[in-house]
Every structure is written in structure tokens, then in C-alpha cells.
Amino acid sequence: MDVDDIKSILLKNLALDEAYVSLYKDNYQIIAVSHIFYDGMTELERHKIIYAPLMKYILNNEIHSISIQAFNPQEWNKKRGLCGV
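Residues numbered from 1 in each chain as written. Predicted model: local features only at pLDDT ≥ 70, side-chain atom pairs only at ≥ 80, totals over all residues. Heavy atoms only, no water.

Section: the overall build of the protein
Tallying secondary structure elements over the protein gives four helices and three strands in all. The linear arrangement of helices and strands in the protein, starting from the amino end, is α-β-β-α-α-β-α. Taking 12 Å as the expected radius of gyration for a compact globule of 85 residues, we find that the protein reaches 12 Å, a close match to that expectation. Expressed as lengths along the three principal axes of its C-alpha atoms, the size of the protein is roughly 35 × 25 × 20 Å. Counting across all 85 residues of the protein, residues that qualify as buried make up 34%. Roughly 5,300 Å² of accessible area belongs to the protein as shown, and the carbon and sulfur atoms make up 51% of that amount. (Helix = DSSP H or I, 4+ residues; strand = E, 2+ residues; numbered from the N terminus. Rg over C-alpha atoms; globule rule 2.2 N^0.38 Å. Buried < 20%, exposed > 50% of the residue type's maximum accessible area, 1.4 Å probe, protein only. Areas by Shrake-Rupley, 256 points an atom, 1.4 Å probe, with all protein chains shown as cover.)

Written as C-alpha cells, this is what we have:
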């Protein structure tokens, strides 16, 4: 499974405005931006949303490790420069 596969799965299954996926060794790094991540939503709640469409790939070991950053558009506009994207 490559970064394009993961990005495609996320964009197909979630209402994301933007998705960035990179790979470092066995760890996929995901940045997701969407209005579904509302103010006050916990980091755990946001991560559960991202994990949901990927779970079958995690369970069958196609995906070993994931790092997630999930932002709403307002948060992303503030963080964009800090993430280097």
C-alpha cells in the first residue's frame, strides 16, 4: 500500500477538504483538513474518524503505523506554515 492508495481511501470515504499523506520508513503521516473536525472535538475523536476507513488495512498489516494530524479549515490556515505544506 502506498501513499496514493491511502489518500484515495481517505478522500473517497470521508468529507475531507484536503489530505496529505507521506511515508517515513513504516510510518504513514496523515494531515487531514475538514469541516467535520469542529472546534471542541478531541484529538481522539478526530483520529477515530481517520482510522475508520483504514481499519481493515491496519488489521491485515498492510498499514503498520500511522501518525495523524486533523484540522478544521480555520485551524489549518493557522498551522499550514508550521507543517511545511
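Back to the text.
Focus on the environment of Ile-30
Within the secondary structure, Ile-30 is located in strand E2 (residues 27-33). As for Ile-30 and Lys-7, which are separated by 23 residues in sequence, their C-alpha atoms are 8.5 Å apart. What Ile-30 contacts, discounting residues up to four positions off in sequence, is Ile-6, Leu-10, Tyr-20, Val-21, Ile-50, Leu-54, Ile-66, Ser-67, Ile-68 and Gln-69. (Contact = heavy atoms within 4.5 Å.)

Considering the pattern of salt bridges
By the definition in use, this model includes one salt bridge. A salt bridge links Arg-46 to Glu-75; the shortest N-O distance between them is 2.7 Å. Of the two residues, Arg-46 is situated in helix H2 (residues 43-51) and Glu-75 in helix H4 (residues 73-83); the sequence distance between them amounts to 29 residues. Assessed through its relative accessible area of 6%, Arg-46 is described here as buried. (Salt bridge = Lys/Arg side-chain N within 4 Å of Asp/Glu carboxyl O.)

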